Structure formats: C-alpha cells, structure tokens
Amino acid sequence: MVVLAAGEGKRLSALTSDEMGRHVPKQFCSLNGGQSLFGLALARARAIVPEDRVCAVVATDHEHWWRQMHHEMHPGNLIVQPRNRGTGNGVLLALAYILKRDPRARLSFLPADHHVLDEDTLIQAMSSMLARMPTRAREIFLLGIAPDDADPELGYIIPQKTTQPSAQGVRHFVEKPSRGVAGRLIQEGGLWNSGIYAVAGDSLLEMFRTCFPDNARDMLATTARIADPTHPSWALSHLYERLPDIDFSHHMLQLLVSELRVVPAPPCGWSDLGTPHRVTERVNLLSGETASANDPFGETAFLDLSDAVIREARHVDVTQAAI
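What this report covers is the structure whose coordinates are included nearby. What you see is a predicted model; the values in this text were computed from it and never measured. (Residues numbered from 1 in each chain as written. Predicted model: local features only at pLDDT ≥ 70, side-chain atom pairs only at ≥ 80, totals over all residues. Heavy atoms only, no water.)

1. Quick look at the side chain of Arg-278
For Arg-278, the position within the fold is in helix H10 (residues 276-287). A distance of 2.6 Å separates the side chain of Arg-278 from the side chain of Glu-153, its partner in a polar contact. When sequence neighbours within four positions are dropped, the list of residues in contact with Arg-278 reads Asp-151, Glu-153, Leu-154, Ser-271, Asp-272 and Leu-273. (Helix = DSSP H or I, 4+ residues; strand = E, 2+ residues; numbered from the N terminus. Polar contact = N/O pair within 3.5 Å; in protein donor to acceptor, adjacent residues only side chain to side chain. Contact = heavy atoms within 4.5 Å.)

Have a look at this one:
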C-alpha cells in the first residue's frame, strides 16, 4: 500500500504557516493535538497490510517533516521524489520501484492528507475493496464514499446503473458541481471520490505507457539504476526537472473510464480538508474551538491546525473590530 505524501497543499497556506512564515504541507499538520495526517494515513495502511508492505512517497523539500517519522517506515519503503510533479508522477515513481521488487505486485494508493472520523468503517471498506478484486483484474478499483452532504467543493464518481451492490462500472466524473447539481448526483447514486484506489502493477504500467509513454520509459530506466529509493540520484533529479506534471485523476482516470470500477463505502466522516472552510468545520467538530495542548511551533511537533484555525478566527475578529 502506497501513501501519497508529496503534495504541497498550497490551498491552505493561510492556515499552514509556522511562526517563521514557512508553509507546512497539510499532510504534516495535525488536528487538535493528535498525530499528523501523514501519521494517521500510515496507521490506516498498517491496519490493512503488513508493515513491510507499506510504502510512502514524499518530497525532498519536505524532509524537515518526514524525517521525524522515518523510523516508522520499513527500510527501503520511503520513496523520495526530487520535487512534486503531480500525483501521476508520484504514482509512477512508486510503481517503478515496487515492480522492481515484485513484477506481479498489486498496489493500492492512499492520500496522506485526508481525515476520517470513523477509521474502522473506512479500513473495513478498503479491505473489502481489495478482497473483491479478482486475481487477474486489469481494471483500477476506486473507493467511492457515500456522501452525507451535497458538498459543492468535492469530486463525484457517477457509477453505471446496475443491480450489483459491489464493484460497478464508472459512467463519468464530476468535479466541484454546484450544490444543486451535487444533490441531484447523489440521488443518481453519485459517490465522493476519495482518491483511494487499487490496481495490478503490470496493468497500471500499461496504462502509463499508453497515456504517457515517455514518462513511463524514462522513469523505469532511471529507477532501475537506483538502489535506495530514499536517496534519489542526480539522474532522477534531472529527470524531474523536465517531466511534465501529471494529475492522476484528471490526466489518467478520467481518460480511462472504461478501465475503472467503483466500490461504494458507507459514510465514515471522511474529509479531504481541501479548503480552509472544511478544515475549520472539522476542527470545530473535533474540539468545539478549544485550543489543543500541543505546542504548534515545537521543534518536533507538527503544526496543529486547530490552533491555526483559532488564531485565524481571532485575527478576523480583531480586523473587523478595527473597521
């Protein structure tokens, strides 16, 4: 299982800056003094597969934060990108390294920057999705979460109409619809796109070769000469300088709809924490706007989003009072 943790999370920069003004990537922040989101994602993955089968993709520029958790990873399972080039290249990099070890590997991918209230329900749904994958499946299996709100800021997967309660074909995706459209999509069986998916490694490689043949060829050739994925070579850094960005959902999944299956998951309090508004909602739900005991700027502490939300609210109050 691959935890994708190399994103920048710049949409939350208003909340995720430390006392020195440095932007802290969302996945290395915590909620209400708990574990970082990255730590929670690693624990989620370890609840499903053995620890030695949990990998993570991180970025060189984020070493200050992921180095604190390096000891939690099995040796050789921390995959370092020279820079962020979109989720697609992060997936391809992990795929290249893993297929070197096991050409018949089946992979599942999990974002590192989401939050879940009911971990047991999500873990059970992920385990069920993996169990439902046929041994020789060639499709990508997506986990779609049953919405508990017509949220206009999320992506929706629209399944094909079928009587099967398990894996279904995918009709299309809808990104950030209006609230009214989102409500109609839910009535039609639309599911939130969780960004969690599973696929046979060789099948995924063929998809990359079809959609991005140059990226696939160069990534395989470059990683073949790297012994330790924790230390990217000069050649990999040079490759990342010229690779085009790939958004895995937009540039691949949405072009390969016929190759997709979606497995519905029940509501589990999932949030992608994608905007300051959704972060504030989640923090208030967890803490009732009570500041955590965590030192948000400690040398080894992760930035606490609950403290950041409270500071931002106080700043707004002071600004409004001044006006």
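2. Description of the packing of helix H7 (residues 213-223) against helix H8 (residues 234-242)
Here H7 crosses H8 at 165°, and the two axes come no closer than 10 Å. By the criterion of interaxial angle, the relationship of H7 to H8 is roughly antiparallel. The handedness of the crossing between H7 and H8 is left-handed. For the pair formed by H7 and H8, the contact residues are Asp-218, Met-219 and Thr-222 on the first element and Ala-235, Leu-236, Leu-239, Tyr-240 and Arg-242 on the second. (Axes fitted to C-alpha atoms, helices over the stretch in contact; angles between N-to-C directions. Parallel < 35°, antiparallel > 145°, perpendicular 65-115°, else oblique. Left-handed = near helix turned anticlockwise from the far one by under 90°.)

3. Considering the environment of Lys-100
Residue position: Lys-100 is located in helix H3 (residues 86-101). Along the chain, Lys-100 and Leu-220 lie 120 residues apart, while their C-alpha atoms are 9.1 Å from each other.

4. Topic: the pattern of salt bridges
Enumeration according to the criterion identifies 14 salt bridges in this entry. A salt bridge links Asp-202 to Arg-138; the shortest N-O distance between them is 3.3 Å. Placement of the pair is Asp-202 in helix H6 (residues 201-211) and Arg-138 in the loop between helix H4 (119-132) and strand S7 (140-145), with a sequence separation of 64 residues. You can call Asp-202 partly exposed: its relative accessible area is 35%. As a salt-bridge pair, Asp-218 and Arg-217 come within 3.1 Å of each other at their nearest N and O atoms. Overlapping salt bridges bring together Asp-214, Arg-217, Asp-218 and Arg-242 as one network. (Salt bridge = Lys/Arg side-chain N within 4 Å of Asp/Glu carboxyl O. Buried < 20%, exposed > 50% of the residue type's maximum accessible area, 1.4 Å probe, protein only.)

5. Some words on the nonpolar core
The biggest cluster of nonpolar side chains holds 58 residues, and the ones touching the most others in it are Val-3 and Phe-38. When near neighbours in sequence (up to four residues on either side) are disregarded, Val-3 contacts Phe-38, Ala-41, Leu-42, Ala-45, Cys-55, Ala-56, Val-57, Leu-110 and Ala-112. Leu-92, Ala-94, Phe-173 and Ile-246 belong to the second largest nonpolar core, which has 47 residues in total. (Core = buried A, V, L, I, M, F, W, Y, C linked by side-chain atoms within 4.5 Å.)

6. Section: the pairing of strand S9 (residues 168-175)
Sheet topology note: the strand S8 (residues 155-159)/S9 ladder contains five bridges and is antiparallel. From the neighbouring strand, Ile-158 faces S9, where its bridge partner is His-172. Relative to strand S11 (residues 260-265), S9 runs antiparallel, the two sharing two bridges. Directly across from Gln-168, in S11, lies its bridge partner Val-262. (Pairing = 2+ DSSP bridges.)

7. Notes on the pairing of strand S3 (residues 55-59)
Among the five residues that make up S3, five are buried, leaving the element largely enclosed by the rest of the structure. On S3, burial covers both faces: Cys-55, Val-57 and Ala-59 on one face and Ala-56 and Val-58 on the other are all buried. As judged from the three bridges shared by strand S1 (residues 2-4) and S3, these two strands associate in the parallel manner. Considered in S3, the bridge of Val-3 is made with Ala-56. Here S3 pairs with strand S4 (residues 78-81) via four bridges, running parallel. By the bridge assignment, Val-58 is partnered in S4 with Val-80.

8. Let's talk about the side chain of Gln-27
The topology assignment puts Gln-27 in the loop between S1 and strand S2 (29-30). Setting aside chain neighbours within four positions, we find Gln-27 in contact with Ala-5, Ala-6, Gly-7, Ser-36, Leu-37, Phe-38, His-62, Ala-112 and Asp-113.

9. With respect to a nonpolar patch on the surface
Together, Leu-117, Leu-285 and Leu-286 give the surface a local cluster of nonpolar side chains, amounting to about 270 Å² of exposed area. With respect to the helices and strands, the residue Leu-286 is situated in helix H10. On the accessibility criterion, Leu-286 (35% relative accessible area) is partly exposed. (Patch = residues over 30% accessible without salt bridge, like charges linked within 9 Å, V, L, I, M, F, W, Y side chains within 5 Å. Areas by Shrake-Rupley, 256 points an atom, 1.4 Å probe, with all protein chains shown as cover.)

10. Considerations on the environment of Asp-245
Position of Asp-245 among the secondary structure elements: in the loop between H8 and helix H9 (248-252). Contact partners of Asp-245, with chain neighbours within four places excluded, come to Arg-85, Asn-89 and His-251. Here Arg-85 takes part through its side chain, which lies 3.2 Å from a polar atom of the side chain of Asp-245.

11. Describing the layout of surface pockets
Over the atoms, a rolled probe matching the size of one water molecule traces out where space is still vacant. Considering only enclosed or pocket space, the largest pocket measures out at about 1200 Å³ in volume. For the largest pocket, the lining is made up of 44 residues, of which Arg-11, Thr-87, Asp-113, His-114 and Asp-247 are closest to its centre. Looking at the lining of the largest pocket, the elements with two or more residues in it are H3, strand S10 (191-200) and H9. Each pocket or cavity is described by its volume, and for the second largest pocket that value is around 410 Å³. The wall of the second largest pocket is formed by 19 residues, among which Met-1, Arg-53, Ala-105, Arg-106 and Leu-107 lie closest to the centre. Within the residue set of the lining of the second largest pocket, elements represented by two or more residues are H3, strand S5 (106-111) and S10. (1 Å grid on protein atoms, 1.4 Å probe; cavity = no way out; pocket = protein on both sides within 12 Å on 5 of 7 lines; lining within 4 Å. Points joined across faces, edges and corners; volume = space filled by probe spheres on them.)

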